[in-house]
Amino acid sequence: MGDEPMRHSPLRPTAFRGDPDVAELHAFFQPERQYAGDTRWTFGTSLKSAYVNTFEFLNHPPVVQLWRDQQGDVQAVSRIMLATGEWFYQAAPGYRCSDGRDDVSIAILEQADAAMGLLAGLSSWCAGAYESDAPATKLLEGHGYRPERRDEVYMTRSLETPIAGVPSPVGCSIRTLDPDDARQVFERGDAQTDAFAEGQPRNEIAAWMTRTLPHQLGYGGPNRNPSVIAVEPDGRVLAFADPFFDHTNKIGEFEPVGTRKQMHRRGLAKAVLTRGLELMKDAGMRQAVVRTGFDNHAAITAYRSVGFDVTDYKLNYRKVRVRSPSGVWSRRPHRPLQEHRHRRMRGETLTNPAPYLPHGLFMRAGLEPPRVLIAPQRYIQGDGVLDQTGRYLSLVNSQRVGILISRRGQHSEGARLLKSLESVGIESVVATFNGECSLEEIDRQAAALRSESPAVDCLLAVGGGKCVDAGKCIAYRLNVPLVVVPTLASNDAPCSAVSVLYTPDGVTSGIEFFPTNPALVVVDTGVVAQAPERFLVAGMGDAMATYYEAKVCLDNPRARTTIGARPTLAACALGKTCADTLYSLGTEASRSVVADRVDDALEQVVEANTLLSGVGFESGGLAIAHAIAQGYTAIKPVHDNHLHGEMVAMGLLTQLIAERDVDEARRAARFFCDVGLPVHLEQISLAPDRSTDLDTLVGVAIGSGLVQNMPFEVTHELLLDAVVGAHRLGREVAAAQGDSAYRRLQAG
């Protein structure tokens, strides 16, 4: 794109969380949301290829993002397959690529490139576009993609011409699947397993089918589309063809179509396709479409036999990772950071700031990413430092501050904070935080503070992790420095330059990065000592993983930190000190909190939980421990009843078992038992025999992309075995040491 300014997407990417997002994804893929008359926009492409496989594709589920507008509505969906190096996206009308320069298309493409370059470790990756779609082909070619081959044929036939009847093959009948007949559904799934197991172990295909078929066949509720099957008298399904109906455009599509391998060349495919065409015509469809691989000659012949002709081709475009032995870093500033800096110099606020994506700053094609350490400008910790906050604000030269704090906090820490500010002549405006770090809350608070006159020149975020994360987002929008005053030591959010976003109902919805870390972090250990013990202990679970994840990333040349850089020795050393501190003083610090006592043990553990872990994770990298923690959030009983650090503790045990470091896993489990962290599945509200929940856990974990930082391939089966192995080890350790600490914290 030369030196022209980078345009920013009006849509914000958020993580797809599986089942909680099904209804929105369902609505997005309805044809009435899409082009009328677009023959390529049918249920097969949008639903079967993009929606069903979103849940899991064999052992390598994709990274899926829902791109939302300012109202939170999904307007585009992207899917990145890190294991295979493929990516795909679809945008709603008004957000589609029209001239090769579309903002949304470019943003999605650049993010896919960044994800592949950051996490995949592949020499190249690919995307597809139809030959007739000039804007899409122009977009890919303009970003370094080159057409590689014809990948797929697109075939159509009119349904306004007669459909030639075909007799049922000898020895079987043609009918529609009864979705309430469990035996028939099983046979239908087994037939698809047999048909599509080419090049993959059959047991892996069967496991995939078991997980995805309920979504595939149950989609649409009472108005679900049929599945046409060829059935032997004993009930064995030999072939199948699923017609989908686009009532808006009057188009029917087949997806999938298949025949058991030993049943080819018996007229089964022709029979089920013919019955499917009749159903399409009966449903009012005027045209039928189907897609298949360019080199799948048997399928093309079968489709031609029932009247289909090739009308378009999909091209496979590939982008090669360029490696330069002595490349020079670009001197052009990252656009969002450059804009933020210039507007701050002019004293402006950012009413709708461009998303800051650090990967675009630290990653350049052809160059290895640099080692980067990021940290807050100042970190101050001690008993009673809250009362000195006003003096510390001289470091940011503030005269009028906004204070984001909960109603509860206003009656405790708030009074002390206001007194401190008044003592040095700093004016303040209190903004009551309503408890959820949602875009709605962030925009509401930013608008209210922006209307203040005179304007606030600094923001203080006082409270727990969600208040702190919301404060980062608000300060970025106001273009003012952020001072964080955490009241808990339950996580490492205070020091980082990233926020986790939630819906108003408390469900994780995405993240935001920021070009700078907080200007000042003030941790009053006296306040931390008054909080429930469980919060400090949860912080230990989160912090303990810092070293083990950073070590993995440092040792793996392909690993990348959350900002797309290589980890530093300093971050790994901080992580090691963090773990050593927790192992030696964690239990004693817990007793200090119970006694409401600030001593050296508590001081050191609070620093480990907050500073060492905060800088360590962001500059050291994440791996399986935090991937599993993300997976646990997708399981409602875990999400509703457990803290982030408790989930990370379970994730760390899984990571160590996956690494086959049983001795270190046992050491960590013993420590967790001592302080009251969960060590087996029952302690985190999950039964080990709930295979669906475990599959969800592992699928989300792999889909997060963090497992790519491990020095070995992490498959669904490997990670599932590690989860179960960690559970067994935890049960063994808990039986030997007892679970009194865990029960005490959960009861409190």
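Conventions adopted
- Residues numbered from 1 in each chain as written.
- Predicted model: local features only at pLDDT ≥ 70, side-chain atom pairs only at ≥ 80, totals over all residues.
- Heavy atoms only, no water.
- Helix = DSSP H or I, 4+ residues; strand = E, 2+ residues; numbered from the N terminus.
- Buried < 20%, exposed > 50% of the residue type's maximum accessible area, 1.4 Å probe, protein only.
- Areas by Shrake-Rupley, 256 points an atom, 1.4 Å probe, with all protein chains shown as cover.
- Phe/Tyr/Trp six-rings, centres within 6.5 Å; stacked < 30°, edge-to-face > 60°.
- Lys NZ or Arg CZ within 6 Å of the ring centre and 35° of its normal.
- Arc of directions from axis to C-beta.
- Contact = heavy atoms within 4.5 Å.
- Pairing = 2+ DSSP bridges.
- Axes fitted to C-alpha atoms, helices over the stretch in contact; angles between N-to-C directions.
- pLDDT = per-residue confidence, 0-100.

Enquirer: Any chance you could break down the overall build of the protein chain for me, citing the residues and the numbers?
Expert: Check the secondary structure of the protein chain and you find 26 helices and 20 strands. Considering the protein chain as a whole, with its 748 residues, one finds that 57% of them fall into the buried category. Only carbon and sulfur atoms are counted for the fraction: they give 50% of the accessible area of the protein chain, which is about 30400 Å².

Enquirer: Which residues make up the packing of aromatic side chains, and what values do they have?
Expert: The tally for this structure, following the rule as stated, stands at ten aromatic pairs. Each ring, one from Trp87 and one from Tyr89, has its centre 6.2 Å from the other, and the planes form 20°; the classification is stacked. Across the pair, exposure class does not vary: Trp87 and Tyr89 are buried alike. Of note, Arg150 hangs over the ring of Tyr313, and the distance from its end group to the ring centre comes to 3.6 Å.

Enquirer: Can you tell me about helix 4 (residues 134-142), naming the residues and giving the values?
Expert: Among all positions in helix 4, only Ala136, Thr137, Leu139 and Leu140 are buried. All buried residues of helix 4 fall inside an arc of 160° around its axis, so they share one side. A positive phi of about 90° marks Gly144, the residue just after helix 4.

Enquirer: Which residues make up the environment of Gly276, and what values go with them?
Expert: Topologically, Gly276 is positioned in helix 7 (residues 268-282). Relative accessible area serves as the criterion here: at 0%, Gly276 is assigned to the buried category. Linking Gly276 and Ile229, residues 47 residues apart in sequence, is a C-alpha distance of 9.5 Å. When near neighbours in sequence (up to four residues on either side) are disregarded, Gly276 contacts Val228, Pro243 and Phe254.

Enquirer: Summarise the sheet that holds strand 17 (residues 482-486); cite the residues concerned and give the values.
Expert: Ordered in space as 13-20-17-16-14-15, the six strands form an open sheet in which the pairing is parallel. The sheet is open, and its two borders are formed by strand 13 (379-382) and strand 15 (427-433), each paired with just one other strand. With direction set aside, neighbouring strand axes in the sheet form an average angle of 15°. Inspection of the sheet shows strand 13 paired to strand 20 (residues 520-524) by four bridges, in the parallel sense. Following the sheet pairing, Gln381 is matched in strand 20 by Val523. Packing of helix 15 (residues 465-478) onto the sheet brings it into contact with strand 14 (400-406), strand 15, strand 16 (458-463) and strand 17, and relative to strand 16 it is tilted by some 170°. The strands touched by helix 19 (residues 600-620) within the sheet are strand 13 and strand 20, with strand 13 carrying the most contacts at an inclination of about 150°.

Enquirer: An account of the confidence of the model for the protein chain is needed here, citing residue identities and associated values.
Expert: Put simply, the protein chain has an average pLDDT of 84, and 82% of its residues get 70 or more. Confidence, read as mean pLDDT per element, is least for helix 9 (residues 335-345) in the protein chain (44) and greatest for helix 23 (residues 662-675) (98). The low-confidence segment residues 1-7, where pLDDT is below 50, has 13 contacts with residues more than four positions distant or belonging to other chains. Predicted confidence for residues 323-351 stays below pLDDT 50, and this span has 60 contacts to residues more than four positions away or in other chains.

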